[in-house]
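Close look at the chain arrangement
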Amino acid sequence: MTESSNQAENAAISLEELHEVEQFLYREARMLDDRLFMEWLGLLADDCTYRVPTRENVQAVRGQDAVTTEDELAGIAYFEDDKLTLMGKAMRLGTGTAWGENPPSRTRRLVSNVEVLRGEAPGELLVYSNLVLHRSRRVDETSQFVGQRRDVLRQTEKGLLLARRVVVLDMNICDSSHMGNFF
Amino acid sequence: MARGVDPAVEKDIPGLLSEDGTWVSRRLFFDPDLYEIEKHRVFGRSWLMVGHDTQIPNPGDFFLSFMGEESVIVVRDNEGKIRVHLNSCPHRGMPVCREDRGHARTFFCVYHGWNFGRDGALVGIPNQRATYPRDFDKSNLGLFAVPRVETYHGLIFANHDAEAISLEDSLGDMKWYLDTSLGRREGGIEVLGVQKWRVGTNWKVPAENMVGDVAHAPATHSSVFQIVPGDPSFDLALKSVLEYGRNVALPGGHGGTFRVYPKDDSDGRLPGEAVMRATPGVGEYFESVQAEAEERLGEVRKHVKIATCMTFPNLCLLGSNFTFRVAHPRGPMKSEIWSWVFVDRDAPQTVKDTLRKFYTLTFGPGGIFEQDDGENWEGVTYGSSGVEASTHPFHYGAGLDAGPHPELPGTVSSVYSEHTQRNMYRRWHDLMLQP
Ligand code: FES
Ligand SMILES: [Fe+2]
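1. As for the coordination of the iron ion (ligand 2)
Residue and element names in this part refer to chain B. Distances from the iron ion (ligand 2) to its protein donors, His 216 (NE2), His 221 (NE2), Asp 373 (OD) and Asp 373 (OD), fall at 2.1 to 2.5 Å. Bound by four donor atoms, the iron ion (ligand 2) shows angles of 56 to 151° at the metal and therefore irregular coordination geometry. The motif formed by the donor residues of the iron ion (ligand 2), counted along the single chain, is H-x4-H-x151-D. With His 221 in the loop between helix H7 (217–220) and helix H8 (222–227) and Asp 373 in helix H14 (residues 370–384), the pair connects residues that are 152 residues apart, well separated along the chain. You'll find His 221 and Asp 373 in the same group, each marked buried.

In structure tokens form, the structure reads like this:
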């Protein structure tokens, strides 16, 4: 995901656009926290892709450049979804027999550091934000997933839709048996 | 090599299992004293799978792995030989490698700067001349080598026991079955990457699940069989296991559930395959490799596919989800699962991409099967450990029909059988009884 190379053509992001993006992210967080998964799917473009890569420990070679985040993301992913598989996952959570989420976990998503840029295609916005997903499961198990979202939001007649999401988590191994939540 | 085992615990070991393995003490799944003994008697003398040789194609390529709780460096040396070194500096124990994988000329210890070759030899000490005698012998201060390293279909196994029988002898008839997944094609398999996550369970629980616990699937994975939008393929996963599946116990504690497709089933369809076949070219690929499989594996094994299997003590392989994995012990009630995702090395890129996505959808911590396995594996661990509950042993008596089979090696039964688990625990018990 690269920023548009031709910044000169980019009209500045207006305050209205920024506001709309922020409201989109907050609404989405609320829907997920309230387990309104089917409604959440309505915020996704039909060609939406969704990826949560693993993140490796990489050591810089002395005398060479520092390690970049991209260097750490060269492995496979925890999630590699499209809208169809996200729909299947959401439906599964509604079966009553997805035991890892039944009883359901309690989640709270905090979204911040929202930065909006013009995307590569017309009508698309590249949106960076930070995510803290706090989760409480069963009686006293808590987990925190902290990371950066790199989203592409598409401006459509129906409002903004999520066209692409990459979530870069700040962890090397997953310290939980279960990543059944949407990030 | 008795290592100061508490005599009271030693005295308890014979009684942990009933003779035929039908009754198994719950202490196996949470007891810290037994866990300490296992480190030596099970993990200290078994062949442990640490990774695959396609992860390190060139001299100097390395990755970190674990043998039990202990970090090891797996590296290809200048002669192309795979070495496994303990990741502990001979000087003061600092890990000399602190990244997951990469390429190294040498391993440099960041504490005092000792430097080690790919073969583990100590090649440099800063200020050596000023610090040590002129004729100082560095030759016994190299990285500690794990004495035995052998491979099968590129799977790298290491063993701390220099006297251990060879890997191939230890695998025995398990090879016959592993070949059906790893040796289906001339080019073998290729590892695409590794997922790692922790589960609050004893390492034996994932192992006993994969050694033949088909009975859990309808209850545990019910949600998956319910969704499948307009696609019977996951349903087929269950049906094909129930119909074609056989549970097989093998010497050495190994075993698994294998699908033995009827001979007129030309392509040996995998469960979930319809999902993958939605990508053009994938179905054709599965069909096109069957002729090669027959040539390499023969008429019988062409139709055999691994559902799940377990190579003792903790290497599991899921044939139709393209993962082999190890539950590394992390204390009596915790495991760290490493799941390597693999595909046929000579498959076209679109097939590799599709299979990788299918793995990721189904297994790993975000997978629609794995999440509910994890829930149960954690549950049986904390659910077993109560003061009163823990006094009642588990019953592994299901399945009375196990016996020889005209075509399949091992002791064979229908899938609702716990004889593969009895076999696994008897192997565990044999090792635990040997000081
Ligand atoms: S601990 Fe490695 S050089 Fe001292
Ligand atoms: Fe399972």
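This is not the end of the story, as more comes after the structure.
2. Topic: the packing of helix H5 (residues 174–182) of chain B against helix H12 (residues 290–302) of chain B
All names here are of chain B. Packing of H5 against H12 leaves a shortest axis separation of 10 Å and a crossing angle of 105°. On the basis of their axis angle, the class for H5 and H12 is roughly perpendicular. For the pair H5 and H12, the contacting residues are Lys 175, Trp 176, Asp 179 and Thr 180 in the first and Leu 297, Val 300 and Arg 301 in the second. Residue classes in the contact of H5 with H12 are distributed as three nonpolar, one polar and three charged.

3. Some thoughts on the pattern of salt bridges
Scanning the model with the defined rule gives 43 salt bridges over all chains in all. Notably, a salt bridge pairs Asp 151 of chain A with Arg 165 of chain A, separated by 2.8 Å at the nearest N-O pair. Here Arg 165 of chain A lies in strand E6 (residues 159–169) and Asp 151 of chain A lies in strand E5 (residues 141–156), a separation of 14 residues in the sequence. Here the residues in one salt-bridge network are Arg 135, Arg 137, Arg 138 and Glu 141 of chain A together with Glu 375 and Glu 378 of chain B, joined through shared partners.

4. Section: the packing of helix H2 (residues 32–41) of chain B against helix H15 (residues 419–432) of chain B
Residues and elements named next belong to chain B. Contact geometry of H2 with H15 gives a least axis separation of 9 Å together with a crossing angle of 85°. The angle between H2 and H15 falls in the class roughly perpendicular. From H2, Leu 34, Ile 37, Glu 38 and Arg 41 reach across to H15, where they touch Trp 428, Leu 431 and Met 432. Classifying every residue of the contact of H2 with H15 by side-chain character gives five nonpolar, no polar and two charged.

5. What about the interface of chain B and chain A?
On the chain A side, the residues contacting the 36 residues of chain B number 36 residues. Across the chain B to chain A interface the summed buried area is about 3,200 Å²; carbon plus sulfur atoms make up 50%. Remark: the boundary between chain B and chain A carries seven salt bridges. Ionic pairing is found between Arg 137 of chain A and Glu 375 of chain B, a salt bridge with its closest N-O pair at 2.5 Å. Put simply, chain B and chain A have 25 residue pairs in polar contact (both at pLDDT 80 or more) between them. Of all the secondary structure elements, the ones that give two or more residues to the side of chain B that touches chain A are strand E12 (189–199), H7, H8, strand E18 (335–344), helix H13 (349–362) and H14 of chain B. Here the side of chain B that touches chain A takes eight residues from E12 of chain B, the largest share from any one element.

6. A closer look at the packing of aromatic side chains
Residues and elements named next belong to chain B. All told, the structure shown has 23 aromatic pairs over all chains when counted by the stated rule. Between Trp 338 and Trp 340, the aromatic rings sit 5.9 Å apart at their centres with planes inclined by 50°, giving tilted as the arrangement. When its relative accessible area of 4% is taken as the criterion, Trp 338 is described as buried. Seen from their ring centres, Phe 363 and Phe 369 are 5.4 Å apart, and the 0° between their planes marks the pair as stacked. By relative accessible area, which is 6% here, Phe 363 ends up buried. Relative accessible area serves as the criterion here: at 9%, Phe 369 is assigned to the buried category. Members of the aromatic cluster, joined through ring pairs, are Phe 66, Phe 324, Trp 338, Trp 340 and Phe 342. Taking the ring centre of Trp 338 as reference, the NZ or CZ of Lys 196 above it sits at 4.0 Å. Positioned over the ring face of Phe 29 is Lys 204, at 5.9 Å from the centre of the ring.

7. What to know about H13 of chain B
Residue and element names in this part refer to chain B. In a regular helix each residue adds 1.5 Å, so 14 residues correspond to 20 Å; H13 covers 20 Å between its end C-alpha atoms and thus fits that length. In terms of burial, H13 is largely enclosed, as ten of its 14 residues are buried. Looking one or two residues past H13, Gly 364 carries a phi angle of roughly 85°, positive in sign.

8. A closer look at the domain arrangement of chain B
Accessible area lost when the parts come together is the quantity often used to give the size of an interface. Residue and element names in this part refer to chain B. On domain assignment, one finds that chain B holds domain 1 (48–151) and domain 2 (172–432). Computed over C-alpha atoms only, the centres of domain 1 and domain 2 are separated by 34 Å. Overall, the association of domain 1 and domain 2 removes approximately 1,100 Å² of surface from exposure, summing both partners, and the carbon and sulfur fraction of that is 65%. Linking domain 1 to domain 2 there are one salt bridge. Residue Lys 196 is joined to Asp 100 by a salt bridge in which the shortest nitrogen-to-oxygen separation is 3.9 Å. The tally of links between domain 1 and domain 2 comes to four residue pairs in polar contact (both at pLDDT 80 or more). When contributions to the side of domain 1 that touches domain 2 are tallied by element, the ones reaching two or more residues are strand E2 (48–52) and strand E3 (61–67). Per element, the largest residue contribution to the side of domain 1 that touches domain 2 is five residues, and it comes from E2. Residues of the side of domain 1 that touches domain 2, tallied by class, amount to five nonpolar, six polar and two charged.

9. Some points on the confidence of the model for chain A
Averaged over chain A, the pLDDT score is 93; the fraction of residues at 70 or greater is 95%. Across residues 1–6 of chain A, confidence stays below pLDDT 50; counting only partners more than four residues off in sequence or on other chains, it has 14 contacts.

10. So, the sheet that holds strand E5 (residues 82–86) of chain B
Residues and elements named next belong to chain B. Taken together, four strands build an open sheet; the order of strands is E5-E4-E3-E6 and the sheet is antiparallel. At either margin of the open sheet sits one strand with a lone partner, and together these are E5 and strand E6 (101–103). On average, adjacent strands in this sheet sit at an angle of 30° to one another, irrespective of strand direction.

What counts, and at which threshold
- Throughout this document, residue positions are counted from 1 along each chain, in the order its sequence is written.
- Here the convention is simple: chains get letters from A, ligands get numbers from 1, in the order in which they are written.
- Given that this is a predicted model, residues contribute local features only at a pLDDT of at least 70 and side-chain atom pairs are listed and counted only at 80 or more, while totals for whole chains, interfaces and linings are drawn from all residues.
- Hydrogens and water molecules were not included; the side-chain quantities draw on all heavy atoms of the structure.
- Note: metal donors comprise N, O and S atoms at 2.8 Å or less from the metal (3.2 Å for Na, K and Ca); water molecules are not included, so apparent gaps in a site are possible.
- In short, tetrahedral needs four donors with all angles between 85 and 135 degrees, square planar needs four and octahedral six donors with opposite donors over 155 degrees apart and all other angles between 65 and 115, and whatever is left is irregular.
- A run of H or I in DSSP counts as a helix once it spans at least four residues, and a run of E counts as a strand once it spans at least two, with each numbered from the N terminus.
- Relative accessible area decides the class of each residue, using a 1.4 Å probe on protein chains only: under 20% of the type maximum gives buried, over 50% gives exposed, and in between gives partly exposed.
- Helix axes use the C-alpha atoms of the stretch in contact, all axes being lines fitted to C-alpha atoms, and the angles between their N-to-C directions lie in the range 0 to 180 degrees.
- If an angle is under 35 degrees, it is roughly parallel; if it is over 145, roughly antiparallel; if it lies from 65 to 115, roughly perpendicular; otherwise it is oblique.
- Here a residue-residue contact requires only that any non-hydrogen atoms of the pair lie within 4.5 Å.
- Throughout, the ten residues Ala, Val, Leu, Ile, Met, Phe, Trp, Tyr, Cys and Pro are labelled nonpolar, Asp, Glu, Lys and Arg are labelled charged, and all others, Gly among them, are labelled polar.
- Put simply, a salt bridge is a Lys or Arg side-chain nitrogen that is within 4 Å of an Asp or Glu carboxyl oxygen.
- Buried area: the accessible area, evaluated with a 1.4 Å probe, that two parts lose upon being put together, summed over both parts.
- Definition of a polar contact: a pair of N or O atoms within 3.5 Å, with one able to donate and the other able to accept a hydrogen when the atoms are protein atoms, and with sequence-neighbouring residues admitted only if both atoms are side-chain atoms.
- Planes of paired rings set the category: under 30 degrees apart is stacked, over 60 is edge-to-face and the rest tilted, where pairs are Phe, Tyr or Trp rings (Trp by its six-membered ring) whose centres lie within 6.5 Å.
- For a Lys NZ or an Arg CZ to count as sitting over a ring, it must be within 6 Å of the ring centre and within 35 degrees of the ring normal.
- Take the residue count of a helix, subtract one, and multiply by 1.5 Å to get its expected span.
- As used throughout, domain bounds are those supplied by an automatic or database domain assignment.
- Looking at any residue, its pLDDT shows the predictor's confidence there, from 0 to 100.
- Only when DSSP finds a minimum of two bridges between them are two strands counted as paired.

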